[in-house]
Amino acid sequence: MPSIYVGDVWINVIDRGLGSPVLLVHGFPLDHRMWAEQIDVLSTRHRVIAPDLRGFGDSYGAAGTTTMARFADDLRLILDQLRVDEPVAFCGLSMGGYIAFEFWRRHSVRVGSMVLCDTRSAADTPDATRNRRLQADRILATGTEDLADQMLPKLLAPATLSDQPKTVRRIRQMIEKAEAAGVAAALRGMAERADSTGMLSDIRVPTLCLVGEHDAISPPDEMREMAAQMPSAQLVVIPDVGHMTTMENPGAVNDALLEFLGR
Ligand code: MLT
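Residues numbered from 1 in each chain as written. Predicted model: local features only at pLDDT ≥ 70, side-chain atom pairs only at ≥ 80, totals over all residues. Heavy atoms only, no water.

Section: the overall build of the protein chain
Then comes step 1: Along the protein chain, the regular secondary structure elements total 11 helices and eight strands.
Then comes step 2: Here the C-alpha atoms of the protein chain give a radius of gyration of 17 Å, agreeing with the 18 Å that 2.2 N^0.38 yields for 263 residues.
Then comes step 3: For the protein chain, the C-alpha atoms occupy an extent of roughly 50 × 40 × 35 Å along the three principal directions.
Then comes step 4: Classification of the 263 residues of the protein chain by burial places 56% in the buried group.
Then comes step 5: In the protein chain, 79% of the contacts between residues at least 6 apart in sequence involve partners at least 24 apart.
Then comes step 6: Carbon and sulfur atoms form 50% of the exposed surface of the protein chain, whose accessible area is close to 10600 Å².
Then comes step 7: When the 27 basic and 35 acidic side-chain charges of the protein chain are each reduced to a single mean position, those positions are 3 Å apart. (Helix = DSSP H or I, 4+ residues; strand = E, 2+ residues; numbered from the N terminus. Rg over C-alpha atoms; globule rule 2.2 N^0.38 Å. Buried < 20%, exposed > 50% of the residue type's maximum accessible area, 1.4 Å probe, protein only. Contact = heavy atoms within 4.5 Å. Areas by Shrake-Rupley, 256 points an atom, 1.4 Å probe, with all protein chains shown as cover. Lys, Arg positive; Asp, Glu negative; His and termini not counted. Charge placed at Lys NZ, Arg CZ, Asp CG, Glu CD.)

As structure tokens, then:
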């Protein structure tokens, strides 16, 4: 997995396949492995770029607060260094979607289309902001040991939790790999992210919104409302799964992605 220096840290990036570029941006507190099935399938037709964001997976050195703008600028530097000049299909899940909005705000000429999976345009409520900051302090003091147990029931549909032990294990491994400083920094960054709802009507590139039927973090109704405000967006609901659509039903997600990207 090549490493790319973005000015202060090294970012590990998968760069596989040939064709129009697709940038896969993972959610919190995961890494590029959440896209394993998408990387395998999409790279038969596209150039797939899938980083471990700073502080996650095999990318280390996050500290303080990692704003969505910092993540977005890291991605732009990665595209520059990989000489990806063509606009990309920016595909982000959850926190990856928050970063997609910030990337659009800062580098919209680099975006040819968007795939927004299980995410939201709204900022955190004051309560959610406070809780994220408390959680960040707690993690810095005591580590990430309990994080997987706390998050798994929110990330996955109940049926996935009981029937897909391998998926559960893979997610647990990713969460346990993330460094505490990176997790805390991303929590603080998400807490201070901007509300992007007012910008939705300006995003005129073709957009696919994907959401799991039982997503408890970014529910389908909220995503439906979001997609309705985007001039060129369509919504696909993946049945019987939760927040981690890409891993809970990779086949359905891959079909939707190939169809959208092939247009
Ligand atoms: C994610 O999946 O990236 C997180 O659930 C996002 C969040 O905590 O808002």
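Additional details are given in the paragraphs that follow.
A few points about the environment of Pro206
Then comes step 1: Looking at the element boundaries, Pro206 is found in the loop between α8 (180-191) and β7 (207-212).
Then comes step 2: Along the chain, Pro206 and Gly112 lie 94 residues apart, while their C-alpha atoms are 7.6 Å from each other.
Then comes step 3: For Pro206, the residues in contact, after removing those within four places along its chain, are Gly112, Ser113, Met114, Ser232 and Phe260.

Description of unusual backbone geometry
Then comes step 1: The amide bond that connects Phe28 to the next residue, Pro29, takes the cis arrangement and shows omega of -5 degrees.
Then comes step 2: When you line up the elements, Pro29 lands in the loop between β3 (21-25) and α1 (36-42).
Then comes step 3: Non-glycine residue Arg83 carries a positive phi angle of around 55 degrees.
Then comes step 4: Residue classification places Arg83 among the exposed positions, given a relative accessible area of 67%.
Then comes step 5: Not every positive phi belongs to a glycine, and Asp118 is a case in point at roughly 45 degrees.
Then comes step 6: Topologically, Asp118 is positioned in the loop between β6 (111-117) and α4 (126-142).

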